[in-house]
Amino acid sequence: MQISTRTERSDRNWGMVSMLFIVVMAFGLRWGTQITQRGPIFDERWITRPIADLIRHGWSVERAIDFQETKGPALIWPYAVGGRWLTDDPQEIAGPDAPPGGKRGRSPEAWDPPIPGDPAPAAPKMLASLRLISLLCFVLSVVPLLVLASACGIRGPPLLAVTVLFTLLPQLAIFSQIVMGEASFVLLALVMLCVVVWGCGVGNGTKHPVAGPILYAILLGVLLHSRIHAAPLAVAVALATFHRESWRSWPWWVASVVGGLVRLPLWIRWGGPVSSDFQQLHGVGLRLESLTYLAAAMALPLAIFLVAWVLNRRRGRWWWIPVAGMGVGVFLSVVAPNDLSVPSALDLTLLQDRYQGAAATAAITIGGQGVGSAVILGILAVLGLGGLGALLAAALDRPPRTIAGLVLRMQAYAILCGWLMYAMTRGFVFDRYLLVWCAALPIAWVLVLPRPLVVLQFFPLVVSLAWFVYTWLY
């Protein structure tokens, strides 16, 4: 495959319409909601501390590497560089007139350091500048997304559908308005997938057997220094390229290993996957309950594939994968139910299991606390894993040496491997963790689903977006 600008004029026009749409949506949310008059929300009170510290006091090993955060330098440094360029007053202080933050603006203490003696979060004008960087990452993500979509054979109006669905990925549009790790991670993940597609090409052999794996290893190393969630993407690329070229795919395997090894020095320096203060919240350990919760969270983006599988009379030789997925969902809901109670206080010295997000909210709202919520989560887990199985079956039905087959495999394996990774973790689990493995999911929706089901999928995604906008941006 040759990724170039030589495309049909109509496709270029639809690409421009897609760019216009995401720009209008991004700035519409910024100017049409209360976010510009809102203090730190979600994790901004925590995540902007090391960024603001670099902007205020300059670069040093302690501030640039030994900071305390769950994210890595590849997230902190670009925001610090861009924020310093956009900020007029690095020493700005949040005064008594600073707008409140937190959920629906109910947390006036959001400007205070969450840990006494630690760096303070970014002040109002600095925070606004940093949020612009997230918005820019969100808008730019449509470029590699459309490149991948075009390479998969998507033409004309469906290109706009891919873009619209991308903006509706659960919580992504919300995170584009604030300082969180998802917006920049998704952008880099899409670029990395483009590099893999460019390196592989179409048909037999790897078209760029040296440059492709090298560029991929570099981008993987950067992503792993943003957050450890990049590891499943490496496994997904290795498995997808193996389907394509069997043992001749070894350069991609080597590149995946090399990209992973690049993260080891930081792991050793920090003494774990995250910095020392947060290792009780995000640690290593066997826990099946994490699989149950993330399986339930998959229902919103993936259950539609199960619907398509049920309606399809020609299910192919991989028909058993969705059935197995639903069976695993039943098993997990019985042997590893979730306790959805939230600790009254955040104690960084204690190992606290915590499950939060749309799936938990839906389970408690419908079923109440206790057995009722466990039953609802179990149903969602069956739908989520059945949908994942249906997506994987659809990916395996595509010829592996086509771009569509390669991209679908990478997407399905990324979600599968990311989900399995959480069997080996302890601490917090949120729905939004799935987002970083779903960057190419809008392409999968358009490629796999019949058009009526693509339209149907819009409705729960729009409802989800409206709920998150109302909850966090107003």
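Keep in mind that this is a model prediction, so the values were computed, not measured. (Residues numbered from 1 in each chain as written. Predicted model: local features only at pLDDT ≥ 70, side-chain atom pairs only at ≥ 80, totals over all residues. Heavy atoms only, no water.)

Trainee: Before we go on, may I ask you to explain empty space enclosed by the protein in this structure?
Mentor: Over the atoms rolls a probe the size of a water molecule, and in doing so it shows where empty space is left. The final tally for this structure, using the stated rule, is one cavity of 30 Å³ or more. Together, Ala189, Leu193, Leu233, Met410, Gln411, Ala414, Val436, Trp437, Cys438, Ala439 and Ala440 line the largest cavity. Sorting the residues of the lining of the largest cavity by element identifies helix 9 (182-200) and helix 19 (403-421) as the ones contributing at least two each. Tallying contributions element by element places helix 19 first for the lining of the largest cavity, with three residues. (1 Å grid on protein atoms, 1.4 Å probe; cavity = no way out; pocket = protein on both sides within 12 Å on 5 of 7 lines; lining within 4 Å. Points joined across faces, edges and corners; volume = space filled by probe spheres on them. Helix = DSSP H or I, 4+ residues; strand = E, 2+ residues; numbered from the N terminus.)

Trainee: Please clarify how the sheet that holds strand 1 (residues 282-284) should be interpreted in this entry.
Mentor: Adjacent strands of a sheet pair through backbone hydrogen bonds, lying either parallel or antiparallel. Ordered in space as 1-3-2, the three strands form an open sheet in which the pairing is mixed. Both outer strands of the open sheet, strand 1 and strand 2 (354-356), are each paired with one neighbouring strand and no more. Strand-to-strand, the axes of this sheet are offset by a mean angle of 30°, without reference to chain direction. Summarising the sheet, strand 1 and strand 3 (residues 425-430) pair through three bridges and their orientation is antiparallel. Residue Gly283 lies in a different strand from strand 3, and its bridge partner there is Arg426. Across the sheet, helix 14 (residues 289-297) is in contact with strand 2 and strand 3; its angle to strand 3 comes to roughly 20°. (Pairing = 2+ DSSP bridges. Axes fitted to C-alpha atoms, helices over the stretch in contact; angles between N-to-C directions. Contact = heavy atoms within 4.5 Å.)

Trainee: Even after reading the chapter, I still don't get helix 5 (residues 124-140), so can you show me in this structure?
Mentor: Think of an α-helix as 3.6 residues a turn; residues three or four steps apart then line up on the same face. Taking 1.5 Å as the rise per residue, helix 5 with 17 residues should run 24 Å; its terminal C-alpha atoms sit 25 Å apart, in good agreement. Restricting attention to buried positions, one finds in helix 5 the residues Met126, Leu127, Ser129, Leu130, Arg131, Ile133, Ser134, Leu135, Cys137, Phe138 and Val139. (Expected span 1.5 Å × (residues − 1). Buried < 20%, exposed > 50% of the residue type's maximum accessible area, 1.4 Å probe, protein only.)

Trainee: When you look at the state of the cysteines in this model, what are you seeing that I'm missing?
Mentor: Summed over all chains, the structure comprises zero disulfides. In this structure Cys417 is a free cysteine whose sulfur lies 13 Å from that of Cys438, the closest cysteine sulfur available. Cys417 gets classed as buried once you look at its relative accessible area, which sits at 14%. With relative accessibility at 4%, the residue Cys438 sits in the buried group. (Disulfide = S-S within 2.5 Å.)

Trainee: Can you walk me through the packing of aromatic side chains in this structure?
Mentor: Geometrically, a pair of aromatic rings is defined through the distance of the ring centres and the angle of the planes. Under the counting rule described, the total for this entry stands at 17 aromatic pairs. Seen from their ring centres, Phe42 and Phe175 are 5.1 Å apart, and the 75° between their planes marks the pair as edge-to-face. Of this pair, Phe42 sits in the loop between helix 1 (9-32) and helix 2 (44-57) while Phe175 is found in helix 8 (residues 172-175), placing the two residues 133 residues apart along the sequence. Between Phe242 and Trp253, the ring centres sit 6.2 Å apart and the planes meet at 80°, which makes this aromatic pair edge-to-face. Of this pair, Phe242 sits in helix 11 (residues 231-245) while Trp253 is found in helix 12 (residues 250-261), placing the two residues eleven residues apart along the sequence. Residue Phe242 is classed as partly exposed on the basis of its relative accessible area, which comes to 29%. A cation over a ring is seen here: Arg227 above Phe185, with NZ or CZ 5.9 Å from the ring centre. (Phe/Tyr/Trp six-rings, centres within 6.5 Å; stacked < 30°, edge-to-face > 60°. Lys NZ or Arg CZ within 6 Å of the ring centre and 35° of its normal.)

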